[in-house]
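# Commentary on secondary and tertiary structure
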Amino acid sequence: MKEPKVLQVIENKPIAAGIYSLELYHHALCEEVLPGQFFHIKCGGDKFPLLRRPISLSYTKREKGAVVLIYRVQGQGTEFLSSRRPGDSLDVLGPLGSGFEVNRQYERVAIVGGGIGIAPLVELAGIYGDRAAVFAGYRDETFLLKELQERSADVRAATEDGSFGYGGFVTDLLLQYLKEQRTDMVFACGPKPMLKTVAKICRENSVGCQVSLEERMACGVGACLGCSCAVNERDGSLQYKRVCKDGPVFRAEEVCWDE
Ligand SMILES: Cc1cc2nc3c(=O)[nH]c(=O)nc-3n(C[C@H](O)[C@H](O)[C@H](O)COP(=O)(O)OP(=O)(O)OC[C@H]3O[C@@H](n4cnc5c(N)ncnc54)[C@H](O)[C@@H]3O)c2cc1C
Ligand code: FES
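Now for a description of the structure that goes with this document. (Residues numbered from 1 in each chain as written. Chains lettered and ligands numbered in written order. Predicted model: local features only at pLDDT ≥ 70, side-chain atom pairs only at ≥ 80, totals over all residues. Heavy atoms only, no water.)

Once that is clear, we can look at the packing of helix H5 (residues 170-180) against helix H6 (residues 192-204). Relative orientation of the contacting elements H5 and H6 amounts to 10 degrees, with a least axis distance of 10 Å. Classified by the angle between their axes, H5 and H6 sit roughly parallel to one another. For the element pair H5 and H6, the recorded crossing hand is right-handed. Residues Val170, Thr171, Leu174, Leu175 and Leu178 of H5 lie in contact with H6, whose contacting residues are Met194, Thr197, Val198, Ile201 and Cys202. The residue inventory of the contact of H5 with H6, partitioned by class, reads eight nonpolar, two polar and no charged. (Axes fitted to C-alpha atoms, helices over the stretch in contact; angles between N-to-C directions. Helix = DSSP H or I, 4+ residues; strand = E, 2+ residues; numbered from the N terminus. Parallel < 35°, antiparallel > 145°, perpendicular 65-115°, else oblique. Left-handed = near helix turned anticlockwise from the far one by under 90°. Contact = heavy atoms within 4.5 Å. Nonpolar A, V, L, I, M, F, W, Y, C, P; charged D, E, K, R; others polar.)

This is the structure in C-alpha cells:
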C-alpha cells in the first residue's frame, strides 16, 4: 500500500485560460513514475473536499527532480490547486494506475490527445521521440505545443474553430495519417466521444490502440469500486474493472463504448 507523500510546489502558473502547469519536487518519484499514471492529490484542508483529486503525470524534469502536472480548473478541488504557491506543500498519493504499455520496438506510433487529455501524453511523446506523430486537438486556444515539439518533430494541431492548424476534429488528421503510414500503436487520451472515434478508426485500419479513461474517483487505489467500468473480455463476456487500479489505460477493444 502506497503512503501519501508531502511534495513541495516549485511552480504553479497558468498556461492557457483556466489551465495550469504545476511543478512538484520529488527526486525519487521522477524516476519511478510512468506515462499514463496519475497522482491522487488532497485538494483542501482536513475535511473538505474530502476526496482526493486524480491528476495525471504530464512530464518529468529529471534534471530538476520534478514532475509536471497540467490541470484544468473545474471545481473546488482544482480551484484550491490553482491557489498553491511556490514553497507550499501538497499531500500526494502515487504514482497510481497502470499507465501506457510502452514497447520500445515500435518503429512508428501515433499519439492523439484532445483538450486537457493532451497533458498525460507529453512524457510518452518524449519516449518515442521522432518515431511518434503527435496529434493535438483543441476547441480553440492551444497549449503544450512547445513541450510536444521539443519531444517530437511531427506535431500536428487541430482546432475546432479553425484558429490554428487544421480546422476540424483531430480524429480527421489521425484517419488520414493511418491511411498513409504503417503504424504499430495508437495511444489516446481525451473526451470519451473522441476516444470512441479513435478506437473505431484504429479498428477499421487494423492498428492497436490504448486509451486512457476518466471516471470520478474516490479511494484511487482499487478498494472502493467507485470507479468501476464494464469491459469486454476476450471470451465475449462482460467484466467490471477499476479505472484507478486496472487502468486508467485500457486496450481500446476492451472498452464498452456505449455504456
Ligand atoms: C485518472 C485520471 C486522470 C486525470 N488527469 C487529469 C489531468 O491530468 N488534468 C486535468 O485537468 N484533469 C485530470 N483529470 C480530471 C480531474 O481529476 C477532475 O477535473 C477533478 O477531479 C475535478 O475536481 P474539482 O474538485 O475541481 O471539480 P468537481 O467539483 O469535483 O467537479 C467539477 C465538474 O467537473 C466534473 N468532473 C469532475 N471530475 C471528473 C472526471 N474525473 N471526469 C469527468 N468529469 C469530471 C464534475 O462532474 C463537475 O461537473 C483526471 C481524472 C482521472 C480519473
Ligand atoms: S476509486 Fe476506489 S476503486 Fe477506484
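Attention now goes to the packing of aromatic side chains. Taken as a whole, this structure holds six aromatic pairs when the rule is applied. Between Tyr20 and Tyr71, the aromatic rings sit 5.5 Å apart at their centres with planes inclined by 15 degrees, giving stacked as the arrangement. Of this pair, Tyr20 sits in strand E2 (residues 19-25) while Tyr71 sits in strand E6 (residues 66-72); the two residues are 51 residues apart in sequence, bridging distant segments of the chain. A relative accessible area of 19% means that Tyr20 is categorised as buried. Residue Tyr71 is classed as buried on the basis of its relative accessible area, which comes to 1%. Between Tyr106 and Tyr128, the ring centres sit 6.5 Å apart and the planes meet at 25 degrees, which makes this aromatic pair stacked. Residue Tyr106 is found in the loop between strand E7 (89-96) and strand E8 (109-114), and its partner Tyr128 is found in helix H3 (residues 122-128); the two are separated by 22 residues along the sequence. For the residue pair Tyr106 and Tyr128, the accessibility class agrees, reading buried in each case. Of the aromatic side chains, those joined through ring pairs into one cluster are Phe100, Tyr106, Tyr128 and Phe187. (Phe/Tyr/Trp six-rings, centres within 6.5 Å; stacked < 30°, edge-to-face > 60°. Buried < 20%, exposed > 50% of the residue type's maximum accessible area, 1.4 Å probe, protein only.)

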